[in-house]
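Examination of the molecular architecture
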6 protein chains.
Amino acid sequence: MSSDPFFHPVSGFDLPRFAGVPTFMRLPHVAPGHDRFEEVDIGVIGVPWDSGTTNRPGPRHGPRQLRDASTMIRAQHASNGMRPFEMVNCADLGDVGPNPADIQDSMARITAFYNEVRVAGIRPLTAGGDHLTSLPVLRALAKDGPLGMVHFDSHTDLFHSYFDGTMYTHGTPFRRAVEEGLLDPKRVVQIGIRGTMYDREDRDFAKAEGIRIIEIEEFFDRGIPDVMAEAREIAGKGPTYVSYDIDFVDPTFAPGTGTPEVGGPNSYQALQVCRELHGLNIVGADMVEVSPPFDASGNTAFLGVSIMFELLCAMLARP
Amino acid sequence: MSSDPFFHPVSGFDLPRFAGVPTFMRLPHVAPGHDRFEEVDIGVIGVPWDSGTTNRPGPRHGPRQLRDASTMIRAQHASNGMRPFEMVNCADLGDVGPNPADIQDSMARITAFYNEVRVAGIRPLTAGGDHLTSLPVLRALAKDGPLGMVHFDSHTDLFHSYFDGTMYTHGTPFRRAVEEGLLDPKRVVQIGIRGTMYDREDRDFAKAEGIRIIEIEEFFDRGIPDVMAEAREIAGKGPTYVSYDIDFVDPTFAPGTGTPEVGGPNSYQALQVCRELHGLNIVGADMVEVSPPFDASGNTAFLGVSIMFELLCAMLARP
Amino acid sequence: MSSDPFFHPVSGFDLPRFAGVPTFMRLPHVAPGHDRFEEVDIGVIGVPWDSGTTNRPGPRHGPRQLRDASTMIRAQHASNGMRPFEMVNCADLGDVGPNPADIQDSMARITAFYNEVRVAGIRPLTAGGDHLTSLPVLRALAKDGPLGMVHFDSHTDLFHSYFDGTMYTHGTPFRRAVEEGLLDPKRVVQIGIRGTMYDREDRDFAKAEGIRIIEIEEFFDRGIPDVMAEAREIAGKGPTYVSYDIDFVDPTFAPGTGTPEVGGPNSYQALQVCRELHGLNIVGADMVEVSPPFDASGNTAFLGVSIMFELLCAMLARP
Amino acid sequence: MSSDPFFHPVSGFDLPRFAGVPTFMRLPHVAPGHDRFEEVDIGVIGVPWDSGTTNRPGPRHGPRQLRDASTMIRAQHASNGMRPFEMVNCADLGDVGPNPADIQDSMARITAFYNEVRVAGIRPLTAGGDHLTSLPVLRALAKDGPLGMVHFDSHTDLFHSYFDGTMYTHGTPFRRAVEEGLLDPKRVVQIGIRGTMYDREDRDFAKAEGIRIIEIEEFFDRGIPDVMAEAREIAGKGPTYVSYDIDFVDPTFAPGTGTPEVGGPNSYQALQVCRELHGLNIVGADMVEVSPPFDASGNTAFLGVSIMFELLCAMLARP
Amino acid sequence: MSSDPFFHPVSGFDLPRFAGVPTFMRLPHVAPGHDRFEEVDIGVIGVPWDSGTTNRPGPRHGPRQLRDASTMIRAQHASNGMRPFEMVNCADLGDVGPNPADIQDSMARITAFYNEVRVAGIRPLTAGGDHLTSLPVLRALAKDGPLGMVHFDSHTDLFHSYFDGTMYTHGTPFRRAVEEGLLDPKRVVQIGIRGTMYDREDRDFAKAEGIRIIEIEEFFDRGIPDVMAEAREIAGKGPTYVSYDIDFVDPTFAPGTGTPEVGGPNSYQALQVCRELHGLNIVGADMVEVSPPFDASGNTAFLGVSIMFELLCAMLARP
Amino acid sequence: MSSDPFFHPVSGFDLPRFAGVPTFMRLPHVAPGHDRFEEVDIGVIGVPWDSGTTNRPGPRHGPRQLRDASTMIRAQHASNGMRPFEMVNCADLGDVGPNPADIQDSMARITAFYNEVRVAGIRPLTAGGDHLTSLPVLRALAKDGPLGMVHFDSHTDLFHSYFDGTMYTHGTPFRRAVEEGLLDPKRVVQIGIRGTMYDREDRDFAKAEGIRIIEIEEFFDRGIPDVMAEAREIAGKGPTYVSYDIDFVDPTFAPGTGTPEVGGPNSYQALQVCRELHGLNIVGADMVEVSPPFDASGNTAFLGVSIMFELLCAMLARP
């Protein structure tokens, strides 16, 4: 498990970090069809899509801005010393091309892309896109049975429907995923839930299915090590997906998102939770709901890619 | 034709313009069902919707921001002295509620709302919304036969389809409107067209149907009085719709829009073209593609409502 | 104590939260004179005024922006399950019209409006306006004797005067209120005080009168439950006002204010303090000093209305 | 008429323009009381005040931001080659200290300061401040009889009163100035007037008094040389004041102002009108209504000081 | 002269314009060493460098932002119908890696890169970078003798030195280029010059060498066709470089630059001047001084790439 | 040790804080050569310079913006009651004039300025500038032997070189300072270090030399009192420099900086660490890397000057 130099990112000591065509983390751009595609171990993929958004739009611009910010990321993890790009072959696989005016068509395109990725033996690290993105991704990844999931968010995204019967929005992906057998609800934990509520319909579903919800008050009261130990136990040893909605983080630290909820974790805690994902069997991960039009400073994107780097390291700290 | 004081806007001399619940131009909020709805002559309507957007999203936030900016508008036109709110009964009819995750459902909701407006004898002045908005509005207004149209824009919005067969986007509304018999192409004029092009497919359609396109070079070379005289002649005496895409204006003057094209008219010219709409039989008008997430200063919205006030006056300068 | 459906806010599941004329929390607009005015239990009122500001201006724009942000608030409290809009009749009473160029005239207008509110048996939840706003409000509310007060702020607002004898500024309201017998200083607690100081003149007054000041260091050292238990004890069972200056919160979380002081509570703490107001007899509350011109992202306003929702719930958790 | 090197600004070739304590145009700071105060010929003065503002506040921050931007100004006029700082002694006289919470007190302070300036034989070039600023300045300058005025603005500022009898606002200064005999209405010309109107009360006053109003349509139709020739004729050879409200310029070029009106002159025209002020006997000039909170980029201030440099040169092109 | 499909940009009808890794105009990334490098006819190159900046920094971020904005550019010119990407092989050659802390090292790196480009027979279209960038580029391109130059700018960039003897800044490149024999001063024309001046040292040099300066007043008075006819005559039939400093354009249209001068051309004029470059023998062109930190909206970059597309077309309209 | 009234700052009760020429903390401007220069005890100095920046530029604008924000600082420390401006003579010494296009020349100018300051017996409090600024300052201050240093930062700034041999950048100042004998590595402590890493080259140097690095995890785990007690012990009783890089603070609290690292201290902690510097023998201190172009709100500068006020108080709490 040591990587080919072709897959190493450009160093900021060789080329300043503001220079060059911005790929994710300055990795080579290896789209499907590229002759080294099959050699990739972990592929970073953009899904520039927000048609599932019921509130403020913008995550379609997320991958572009996340790539830009990602050129600030260096080679080595600060606290555990891991150098992920030298451990396995990492690459930027490019973006899935969505159809901004057709939700079903877009979901089909996304699933098809991720099927190709899965077949090539590549584990995907996704940059969304709104949270509906996770559904077509899971359709590709859960081919061999339901997955566990560690889910960081301020919302459960477990609603039945919106606007009088609309089944596919960024508030419903995991309801659909449980219904479609893509997730094993007993192995799902949702962390950081907060904010004013419409009603308890999502919570009732979670309770009925056995999904564990850790609300923000419990999160702060117990502390990260304790909460994350429980999370690891819930997800267990089976194949697990990690879904990280940037609105898990307090909107002051991550203003660039469509449905913020005040009173969330700070940026240090945002990283620490990822560092407690060790020992899981992560088959894929995503960072969703980064919305550049509401992120004038670009700081949300920079936090987003800092978290993506943590997720990448967590994917390499397999059991 | 003199209006009821109930329908007069609040004066900034009585209540400062930054105060109060922001309705369009400080008019009373008279939604369908309100007991004075039938008395309205001209209704300002918001369509907070952008599902037809193929590029940068945001016009769903347009009506909110346009209402906010509209409280800066006063009672009297600067150059012609017209006091529109004292001439007829004007009101804010509220927003059509769209379904952000279902284009067909949204179009049906919009057409239903405008049918109600038409039946009540109210002429609508619309605040979009992306340009696809005009299609469901025209479906309600063109009940008695195709309309003429004066169309200010940098794009023709006459494309056949996008993304391999998607028929309903903000680049296709007037192609559909011609196909559906809502517009009489011989009575349609498009003014201000410019910007790099994919191909000539839209221009070929226009030519085949007899739609007159006045590109920006011709617009600047001939000058506004001459161009607008031709526009009035093309639209003629029949019922006519006026559609004003804010991206007609140069993006420096109107940055808050999704598909800007540099090299357009300035804000003075943006108003002057409206002042040359006199004598037309305007059955409805719209201001579309104002996108607040790309309008940090709010100046686009202020220009947008300044144009809406001009359109309102033009609607009262009937033949 | 269950509310009339007329007074329920519009749900985001029925109409997207970015749509519609923005009233506070999507409640009906019931201005004085409206035929259901007398039925209101809690009225949300805007006071768009900042003539008392000695430093950076802008709170006159607060109510408008707070209304806009408030459409993100849903029906149910996240942690205690309270659904306030179903418990009592809530409404947006509109704005008090100030005179931006005359302080005394404005104060008279505000007191007159609140007298009308008090006489109708409505408890007011105010959106300021600068902090001088609290003085004319208290003049209406303290008709039956001095009130207690829980006051969140980074400043005491207890100064004698500014600029060589100017008695009415946003730095002096509570000095005046004590002098006028509107507040019982023994039942007043000020929480979160910090920042560089001119001198100790305000602290000396507080000490002499028996006002309890809890500075930020004590606040952080003791923790919220302990501090707030003392606050409840100080305010006691008598009628109490809650005044919440947004600059209580750290300016990173609430940049949109005129006189920020670094080193304050975060957004989670900003909410938690409100949740510890249970058991008080709250006769009115305000959220002041939200200044949109210094709040490019609108996040201050969103935090402001999130706090207002907490205050509303606290007003319903009476003894 | 050649200046002392003490009064020369620092060159950007010696010290970069972003460096140093920012005084107006990098001139020495010579406040009243300074031992070289009497030697000053033209004094640049800040009036950080906006209590007369009836709409969006902010001009109190104007002088600070104008000073910052002014360090970009160099020594020589681009087209006429004039080097004003070498012709006469120029200095930054500092700010008049206003009382933000007392209009009458502030006006008294301003008049007192300008009296001192006048007595010292210094001609003032003022950086406001809202437009009410001009009134207390004129009270000092018109000691020997009424002045003529060339007034660039989108508003006449000739209203009788606001809000039911408030006489001193930024919409009334020149009504007061005429009433007080500070201006000779026959020698006053207002250029660039536009925007929606409350009513014609200000125009009626102008007509009755003989004030010449050149509305924007006439301005554009006739062109600058013709309009300005008339302006020079109106002002004549007597002592004349020049008042330049930044909202004369189109708000796209000068967004940082409180009461913008779209459809105004561009930045080239904004400078050209000043170049046509030659031959007047200018006893003072001001640049008002620059409002930094609405000028995120700082470009309004940079245009403002560019105009101030033009005004300075015009003051030196005396008859 | 028809291009290989490998070199065609991705269409926005196939992949939305906000999607994908952002290369210049969605062209393939063909860095030196790529196996198709030799086939490129016109190469777009980024020079992310601003060490020559004497005022506000930032152009080092220009290429990144210009690439981002360039994905809005489509395939066909609006007015002349040219489809440049189908005429010759165009590609994004990537960035030259500068040394931000060493000017001489950076200039050597740039010249080396452009030598490689020249040797490969590629004509370069450069995205700077500050204006010093042009000097090391000219050192590579003028190998066979001095070039003519059409130069759009508000400054002459002809100064001898800054800060007591510093010879290489963005204010001196063309002085050096003339001294080094890279430019033939008789074939150089500078258009749009304006702004306050330090002194006439640059103008004296121009006069002595025979460089033609067309100041902004002359530019506006004569009009674009006349001015550009003279420019074409001056440059003549010999090999010519086109250097376009974004500060040629008025800073309202292009705020993202370090040394703005008010009173310049608008965006329509900014494009039109390029359309009058036909018939020249253009060996290279650049767009410099785009500074993203001062371009919050990104509109400067969008105008910049719109101009770059015009320059590209001009390079193909050879004699 | 009580100060002369000449050296007292203007009070905000006398002159509003937004008024006046902005010097540091409203102190008198006493540049070298001023006749009271020798009387100054602590001098605040700007170093507007960022030529050592390898990533995003901008700190050259730091002193200007810090001065502007500093007018919000009042006379007395909030928690310890210290009134520093009454204890010793403080003044704004102005800016060192750098050469933005020549690093070595700039460093020589800075050292010369600080030599003059040291000779006059003035202790400097510096507002940078990028972190390379500290090197030429230390060259002046460490004339009598190596200093100890308490260093707050997210980076060690101990690298050997960048870009293939460039020795002087903002990532290398303390490597050079140790090599030049300006710092005693055994008396140096670096606090807050975090972020992804290139490699361990800097850490190896620190270890070899005996520099103590306290990474962010240790900082948060141990708490401020414990960490700072160790810091005081390391620095000891000898002459000590305090260097405070604003990127020590989390970038949400201090976005205006060039090389942010997420997951840092909040603003309260940013102040508290300074309050634990008592008992040290501080010969100088700096606040560096404040970058206004990335600080749209100005909040970074306000936090920066709040920290500078704390550093000033720490300089007066000598042993």
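It should be noted that the structure appears before, not after, this text.
Below you will find a few notes about this structure. Values in this document were obtained by computation on a predicted structure and should not be read as measured data.

Placing chain E over chain A gives an RMSD of 0.0 Å and needs a rotation angle of 180 degrees, together with 0.0 Å of translation along the axis. Read as a symmetry element, the transformation amounts to a two-fold axis. Taken together, the interface assignments show that 100% of the residues at the interface of chain E recur at the interface of chain A, consistent with an identical surface on both copies.

Below, the discussion takes up the relation of the copies chain F and chain A. It takes a turn of 120 degrees to lay chain F on chain A, together with a shift of 0.0 Å along the axis; the resulting RMSD is 0.0 Å. One copy is carried onto the other by what is essentially a three-fold rotation axis. Taking the C-alpha atom as reference, chain F places T252(F) closest to the rotation axis, 4.1 Å from it. Mapped onto chain A, only 7% of the interface residues of chain F are again interface residues, and the two copies thus contact each other with different surfaces.

Turning our attention to the pattern of salt bridges. Taken as a whole, this structure holds 138 salt bridges over all chains when the rule is applied. The salt bridge partner of E201(B) is R175(B), with a shortest N-O separation of 2.8 Å. One end of the pair, E201(B), is in helix α6 (residues 201-209); the other, R175(B), is in helix α5 (residues 173-179), and 26 residues separate them in sequence. Overall, the relative accessible area of 26% leaves E201(B) in the partly exposed class. By relative accessible area, R175(B) is classed as buried at 9%. Several salt bridges converge on common partners, so that one network encompasses R212(A), E218(A), R222(A), D226(A) and E230(A).

Our focus in this paragraph is the interface of chain E and chain A. The interface of chain E with chain A comprises 24 residues on the first partner and 24 residues on the second. Joining chain E to chain A, the criterion identifies 2 salt bridges. Inspection of the region where chain E meets chain A yields 14 residue pairs in polar contact (both at pLDDT 80 or more). Looking at the side of chain E that touches chain A, the elements with two or more residues in it are α1 (62-70) and β2 (90-95) of chain E. Among the elements that make up the side of chain E that touches chain A, the one with the highest residue count is α1(E) (3 residues).

The next point concerns the packing of helix α3 (residues 103-119) of chain B against helix α4 (residues 134-141) of chain B. All names here are of chain B. Interaxial distance between α3 and α4 falls to 8 Å at its minimum, and their mutual angle equals 40 degrees. Like other packed secondary-structure pairs, α3 and α4 cross with a definite hand, here right-handed. Within the contact between the two elements, α3 uses M107, I110, T111, Y114, N115 and R118 and α4 uses L135, P136, V137, R139, A140 and L141.

Taken together, the 29 residues of chain F in the interface contact 27 residues of chain A. Of all residues in chain F, the largest losses of buried area upon contact with chain A belong to T196(F), Y198(F) and V262(F), amounting jointly to 30% of the total for that side. For the pair chain F and chain A, the interface holds 2 salt bridges. The tally of links between chain F and chain A comes to 10 residue pairs in polar contact (both at pLDDT 80 or more). The dominant element in the side of chain F that touches chain A, judged by the number of residues it contributes, is helix α7 (residues 216-222) of chain F, at 3 residues. In the side of chain F that touches chain A, the residues fall into 12 nonpolar, 11 polar and 6 charged.

Backbone-to-backbone hydrogen bonds join strands into a sheet, with any given pair of strands oriented parallel or antiparallel. All names here are of chain E. Overall, parallel pairing links the 8 strands, which are arranged β2-β1-β3-β8-β7-β4-β5-β6 in an open sheet. Strands with a single pairing partner mark the edges of an open sheet, and in this sheet they are β2 and β6 (212-215). Neighbour to neighbour, the strand axes of the sheet diverge by 15 degrees on average, direction disregarded. Pairing geometry for strand β1 (residues 42-46) and β2, over 4 bridges, is parallel. The partner of V44 across the bridge, within β2, is D92.

Attention now moves to the arrangement of the chains. The two units chain A and chain D remain apart, with a minimum C-alpha distance of 12 Å. With no contact formed, the shortest span from any C-alpha in chain C to any C-alpha in chain E equals 12 Å.

Turning our attention to the pairing of strand β5 (residues 183-193) of chain F. All names here are of chain F. In terms of burial, β5 is a largely internal element, 9 of the 11 residues being buried. Pairing of strand β4 (residues 147-152) with β5, which is carried by 5 bridges, proceeds in the parallel orientation. Note on β5: the bridge partner recorded for V150 is V189. The parallel pair β4 and β5 is bridged by helix α5 (residues 173-179), and the resulting crossover is right-handed. One ladder, built from 4 bridges, connects β5 with strand β6 (residues 212-215); its direction is parallel. Paired with I193 across the strands is E215, a residue of β6. Each parallel crossover has a hand, and for β5 linked through helix α6 (residues 201-209) to β6 it is right-handed.

What counts and how
- Residues numbered from 1 in each chain as written.
- Chains lettered and ligands numbered in written order.
- Predicted model: local features only at pLDDT ≥ 70, side-chain atom pairs only at ≥ 80, totals over all residues.
- Heavy atoms only, no water.
- Least-squares fit on C-alpha atoms with pLDDT ≥ 70 in both.
- Contact = heavy atoms within 4.5 Å.
- Salt bridge = Lys/Arg side-chain N within 4 Å of Asp/Glu carboxyl O.
- Helix = DSSP H or I, 4+ residues; strand = E, 2+ residues; numbered from the N terminus.
- Buried < 20%, exposed > 50% of the residue type's maximum accessible area, 1.4 Å probe, protein only.
- Polar contact = N/O pair within 3.5 Å; in protein donor to acceptor, adjacent residues only side chain to side chain.
- Axes fitted to C-alpha atoms, helices over the stretch in contact; angles between N-to-C directions.
- Left-handed = near helix turned anticlockwise from the far one by under 90°.
- Buried area = accessible area lost by both parts, 1.4 Å probe.
- Nonpolar A, V, L, I, M, F, W, Y, C, P; charged D, E, K, R; others polar.
- Pairing = 2+ DSSP bridges.
- Right-handed = clockwise from strand over helix to strand, strands pointing away.

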